[in-house]
Amino acid sequence: MHSLLIAVPLLPLLGAVVLMLGSLRLAPAAVRFVGIGSVGLSAFLAGLLALHVTHAQMPVNAELWQWIRLDGFDATMRLHLDGLSVVMMLIITAIGFLIHLYSGEYMAGDEGYARFFAYLNLFIAAMLILVLADDLLLLYVGWEGVGLCSYLLIGFWWREPENGAAARKAFIVTRIGDTAFIIGLLLLAARFQTLSIAGALHGAQGAWSAGSMWPTLVCFLLLGGAVGKSAQLPLQTWLPDAMAGPTPVSALIHAATMVTAGVYLIARTHALFLLAPAALGATGLIGAATLLIAAVAALAQTDIKRVLAYSTISQIGYMFLALGVHAWTGAIFHLATHAFFKALLFLTAGAIILRLHHEQDMRRMGGLARTMPGIFACFLIGSASLAALPMVTAGFYSKETILGAAWEDGGFGKLLWCAGVAGAFLTALYIFRATFSVFLGDLRSEPHGRTGSRIAIPLAVLAVLALVGGFMQIPRGLGMSVSLLSRTLSPVFGTGAGNGEVPGAGALGAMLVASLAPLAGLLLAWTSRGEALVPAHWATFMRSGLGFDALYARLFVAPFDWLVHALRPDGFDLLFDRLAQAMIRLHGLLSLSQTGRVRWYAGWVAAGSLAALTIAVLS
Amino acid sequence: MSGLNPLFTVASIIAVASTAMVITRTVAVHALLYLVVSLLAIAVIFATLGAPFAAALEIIIYAGAIMILFIFVVMMLNLDRGDAARESRWLSPQSWAGPAILAGLMVAELIYGGLRDGGIGQAGLVVGPSAIGRELYGPYILAAELASMLLLAGLVSAYHLGRAIGARQE
Amino acid sequence: MASMAGTSVPLQDVILLCAVLFALGLAGLLMRRNMLFMLMSIEIMLNATGLAFVGAGARWGQADGQIMFLLVLSLAAAEISVGLALILLLQARRPTLDADTGNGLKG
């Protein structure tokens, strides 16, 4: 069993190595075989492991090797598979496999075909290491690995300088979060001499009391890392620009998996976060604020991928909100359903873009429902799930779990619930506006070709998942109850509100209101289709992501630039230059005494001997 | 001062005066003639000091050979009135102010240093050629040999340079 | 000649004369630009030095002073012959007797 566990991240890693070494020599079919096959095999093994873990109700461990052994610290490379890791692993490998299949056709003909699959395989391997790690240091290795792959893949079409700039922006902004993360890890390591998850968390629970300074500090630092990687406030500016990468990349990395790493981190270390209520409260507030800001920004976007990017930021805000109200299972549930419908939406958008000669501006799309009916259906299903239309979509169940838990929670719970409901309204509004503008109305760009099976099959699978995926966790108040997910996760999270418990009476009323909000949004989207919702200059402000880029440019980039230019003369260099110049001038001065004239020299000899004589005579 | 030996006094005055004239003439031959007079006066001084051999050598070699060399060269160079005018131009007040000061300081130093320790007694002897000869070929034989080598070197180089001059003028 | 040495000359006076003559020679060396005159001034200086030697030797009544004078004399002779030859050579190369023009080693 544990060799199967090792094989799961190892297969994509080997695939990446093979593709990198043979990128010039392998035929496209061979590239597809290696790239898609490795992830497919991984997914199959992941399925087997999942069955075993849920049956045996026991985690699987696989120790790799002893990495560091110092006097005050040691770290072991160990893979650990429990309920939480199972869910993450299944999402990564299954959706990863579908997206690999999709890319086989989407990227066909590109000069970097093998390179693409190599990076994508490497990404899957790194993400698997991240979720399977039993040691926070190994988790950080996976964390950095996915950051690297994100950079490589955003800037995949490196011949355009903007893609490189977007990749750098993503890397630098997440790096800010990563720095906070590693400082938090170092604090933990210094205190407990180990970073193994079980060891550090047990140590923390024993040594630190809830609400004291140390756990709060560490949790805020870990939160900083999560905020960076998951593109939440204030580090959310990189995700919309990351859409410069190919669409499969956006689907896999920036929707389904990498950006959820922050959520996974907080869920995994929730025992530590429970010792720092301030940090958890901050998580919830950040989630609520982000989901609203991103939803507002999504309303005014014109590029179809940017709408989906802001939508991702907003939905991850929901997950952070869930974490803030201790609804760990709810957060992971939403993570899973979000992976389904967001990947579906991105892949569908990619199919549209492909058929329209790489056109991404929604203002130039329209009336595509008639010419691309299958794609229309997929996009519609995805939008419905995103908007959490009641009862039939997966998104509904996960969002209800979160909002229910928010309502039940003390403190800010009700406030967060209001933000969540407002967000649901805005979500339905923007996504259905996008849907109607792309698919209804007059045909503005003529699509060409047809969508191949390698694109259609993943879309179909994801569409089904986006509809029925929610049925794995139905709260008891809605008739029959299914609690597949919470049972899987209960060994990790325990039970409680948002973790599979029965909602109270007041909560049912709240649930009703929350269900109606997306319908209201849909109605507004239908009635206002084709018209502008907000005045033009507001729309520009919203389209720029509410001015964050400009703010950061003025706050951070401009002073740095100024500093760079101010230091250009290079003070220390100047010191040495001046010294050298002074020497040269002194030399010039002294050279004046070398006239070359004999009389002049004779005179100085005489003067010198006079001086010597004076000394001799007077002493 | 030397009221004791009027010959010395007169000779020294002549020497100083003619040396002053040497360095301020514009015509080269005039300067050389004054220099000869100065050398003769110094020969007299040597005689009053009881050094007849030195006096004879002064006249024969210094005034008789070296000065003749100078005069020959001056005649070869064919210096004329134009040169004299140039010399007087070069002898402007700026050019002799600095050296005069320096020389004056030098004199003051030497006098102060030389005369500071008060009077020294005199031997009053005449040291003739035979004494010199005995010294020269006794303890100072090495010096004599070295001097002769020096003169040989001077002879060879003068001959060599003279040939180059001769070659150039053809 | 013996009668000339009737009253002896104090050494201070000889040193004084020597100093004056040396200073005059130095002044001449520094003042004149004509190379011939510079050589003449050098001769004056050498002569003054010889005078000092002879005077010192006469003070002790020894031959050493005159021997030193002899050596100075031979030095002057050698020097003057080479120096004059050089002046003639320079004159042939560049028709000027100006010592200041020989500043090729300037700077």
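Draft legend 1. Examining the overall build of chain B more closely. Each helix and strand counted, chain B has seven helices and zero strands in total. Helices and strands in chain B line up, N terminus first, as α-α-α-α-α-α-α. Taking all 170 residues of chain B together, the buried fraction comes to 30%. Contacts spanning at least 24 positions in sequence make up 56% of the contacts within chain B whose residues lie at least 6 apart.

Draft legend 2. Spotlight on unusual backbone geometry. Residue and element names in this part refer to chain A. In this structure, the amide linkage connecting L233 to the following residue, P234, adopts the cis form with an omega of -10°. Tracing the backbone through its elements, the reader meets P234 in the loop between α8 (213-229) and α9 (238-241). Here the phi dihedral of A231 falls at roughly 55°; this positive angle occurs in a residue that is not glycine. Along the chain, A231 falls in the loop between α8 and α9. A231 gets classed as buried once you count the C-beta atoms within 10 Å, which come to 29. In the Ramachandran plot, H326 falls in the positive-phi region, its phi being about 65° despite a non-glycine side chain. As for its position among the elements, H326 is in the loop between α14 (304-324) and α15 (328-355).

Draft legend 3. Representation of the pairing of strand β2 (residues 74-81) of chain A. All names here are of chain A. Looking at chain direction, strand β1 (residues 60-69) and β2 are connected through eight bridges and run antiparallel. Among the inter-strand pairings, I68 is bridged to a residue of β2, identified as A75. Counting the residues in the hairpin turn of β1 and β2 gives four residues.

Draft legend 4. Structural view of the interface of chain B and chain C. Across the boundary between the two partners, chain B contributes 80 residues, which contact 67 residues of chain C. Secondary-structure elements contributing two or more residues to the side of chain B that touches chain C are α1 (6-24), α2 (28-48), α3 (52-77), α4 (81-90), α5 (93-115), α6 (129-136) and α7 (141-168) of chain B. The residue makeup of the side of chain B that touches chain C, split by class, is 62 nonpolar, 15 polar and three charged.

Draft legend 5. Summary view of the interface of chain C and chain A. Contact residues are listed per partner, giving 11 residues for chain C and 10 residues for chain A. Considered class by class, the residues forming the side of chain C that touches chain A number five nonpolar, four polar and two charged.

Draft legend 6. Inspection of α8 of chain A at higher detail. All names here are of chain A. The end-to-end C-alpha distance of α8, which contains 17 residues, comes to 25 Å, matching closely the 24 Å that a straight helix rising 1.5 Å per residue would cover. The buried count for α8 comes to 13 of 17 residues, which makes it a mostly enclosed element. Downstream of α8 by a residue or two, A231 has a phi angle that is positive, lying close to 55°.

Draft legend 7. Local environment of the confidence of the model for chain B. Summarising the model, chain B shows a mean pLDDT of 85, and 91% of its residues fall at 70 or more. The least confident element of chain B, judged by mean pLDDT, is α4 of chain B at 75; the most confident is α2 of chain B at 93.

Draft legend 8. Broad picture of the nonpolar core. Grouped together as the largest cluster of nonpolar side chains are 209 residues, with contacts concentrated most on A343 and L344 of chain A. In this view, A343 of chain A contacts I95, I99, A251, A255, A256 and L462 of chain A; residues no more than four positions away in its chain are not counted. Within the second largest apolar cluster, 84 residues are counted, among which are I23, A31 and Y34 of chain B together with A58 of chain C.

Draft legend 9. Representation of the packing of helix α18 (residues 394-408) of chain A against helix α19 (residues 413-439) of chain A within the structure. Residues and elements named next belong to chain A. Where α18 contacts α19, the two axes come as close as 7 Å, and the packing angle between them is 150°. Considering their axes alone, α18 and α19 lie roughly antiparallel with respect to each other. Note on packing geometry: the crossing formed by α18 with α19 is left-handed. Taken together, the residues of α19 that come into contact with α18 (itself represented by K399, I402, L403, A406, W407 and E408) are G413, K414, L416, W417, G420, V421 and A424.

Draft legend 10. Focus on the environment of A48 of chain C. Here A48 of chain C shows up in helix α2 (residues 35-60). When near neighbours in sequence (up to four residues on either side) are disregarded, A48 of chain C contacts C18, L21, F22 and G25 of chain C.

Draft legend 11. Quick look at the confidence of the model for chain C. Residues and elements named next belong to chain C. When the pLDDT values of chain C are averaged, the result is 85; 93% of them are 70 or greater. When the elements of chain C are averaged for pLDDT, helix α1 (residues 11-31) gives the smallest value, 90, and α2 the largest, 92. Contacts of residues 1-6 to residues separated by more than four positions or lying in other chains number 11 contacts, the stretch itself having pLDDT below 50. Per the prediction output, this complex has pTM 0.70; the corresponding ipTM is 0.88.

What counts and what doesn't
Residues numbered from 1 in each chain as written. Chains lettered and ligands numbered in written order. Predicted model: local features only at pLDDT ≥ 70, side-chain atom pairs only at ≥ 80, totals over all residues. Helix = DSSP H or I, 4+ residues; strand = E, 2+ residues; numbered from the N terminus. Buried ≥ 20, exposed ≤ 12 C-beta atoms within 10 Å, placed from the backbone. Contact = placed C-beta atoms within 7 Å. Pairing = 2+ DSSP bridges. Nonpolar A, V, L, I, M, F, W, Y, C, P; charged D, E, K, R; others polar. Expected span 1.5 Å × (residues − 1). pLDDT = per-residue confidence, 0-100. Core = buried A, V, L, I, M, F, W, Y, C linked by C-beta atoms within 7 Å. Axes fitted to C-alpha atoms, helices over the stretch in contact; angles between N-to-C directions. Parallel < 35°, antiparallel > 145°, perpendicular 65-115°, else oblique. Left-handed = near helix turned anticlockwise from the far one by under 90°.

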